[in-house]
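# Topology and contacts: notes
These are the residues of each chain, in order.
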Amino acid sequence: MASPLRQVGTGANSQSLEEARKRVFHFFREACRSIPQIMETYNLHEVITTSQLRSVVAAQFRKQAHVTNPKVIDMLIIKGDEELRNCLDHSKQRHHILGQYVIAQGGLIPSNVGAVSSGGSDFLQKFYNSNNF
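Residues numbered from 1 in each chain as written. Predicted model: local features only at pLDDT ≥ 70, side-chain atom pairs only at ≥ 80, totals over all residues. Heavy atoms only, no water.

By the naming in an unreviewed UniProt entry, the chain goes by NADH dehydrogenase [ubiquinone] 1 alpha subcomplex subunit 6 and is assigned to Picea sitchensis.

Below is the structure:
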């Protein structure tokens, strides 16, 4: 099955920061257009909404906002395009998507992770409080 993703033009090198910026916006639009298909392919509707996943994608782009070298931006676009194609071609499994984009972004992490339960036996309380845990 051919991927519906259009070619982002990863072969060309950006000559200026403005050209690289246009390519980033084009790639971001393509990634956002692919989100519904990714949601359907990996059955993510039960754990995250489309708008939340779009926010996760936007956060990934914002994380690299400080980069001003056009060659580095081109390299990031190539890596992002490869990641997107892997998701669309079902080269990843559901737990990969959940781990990288849902759990890692705080979508499924409970607020009390790492907290030790106050209940339990005296032995367990001593064990939890020891340095061996």
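### Structural notes on the packing of helix α1 (residues 17-41) against helix α2 (residues 50-63)
Packing of α1 against α2 leaves a shortest axis separation of 10 Å and a crossing angle of 150°. In terms of orientation, α1 lies roughly antiparallel with respect to α2. In this structure, α1 meets α2 at a crossing whose hand is right-handed. Each of V24, F27, F28, A31, C32, I35 and M39 in α1 lies in contact with α2, whose residues at this interface are T50, L53, R54, V57, A58 and F61. Here the residues of the contact of α1 with α2 are counted per class, giving 11 nonpolar, one polar and one charged. (Axes fitted to C-alpha atoms, helices over the stretch in contact; angles between N-to-C directions. Helix = DSSP H or I, 4+ residues; strand = E, 2+ residues; numbered from the N terminus. Parallel < 35°, antiparallel > 145°, perpendicular 65-115°, else oblique. Left-handed = near helix turned anticlockwise from the far one by under 90°. Contact = heavy atoms within 4.5 Å. Nonpolar A, V, L, I, M, F, W, Y, C, P; charged D, E, K, R; others polar.)

### Details of unusual backbone geometry
Phi is positive for N43, which is not a glycine, with a value near 50°. Inspection of the secondary structure assignment puts N43 in the loop between α1 and α2. Judged by relative accessible area, which is 41%, N43 ranks as partly exposed. Despite not being glycine, H90 shows a phi value in the positive range, around 60°. With respect to the helices and strands, H90 occurs in the loop between α3 (70-88) and α4 (94-103). (Buried < 20%, exposed > 50% of the residue type's maximum accessible area, 1.4 Å probe, protein only.)

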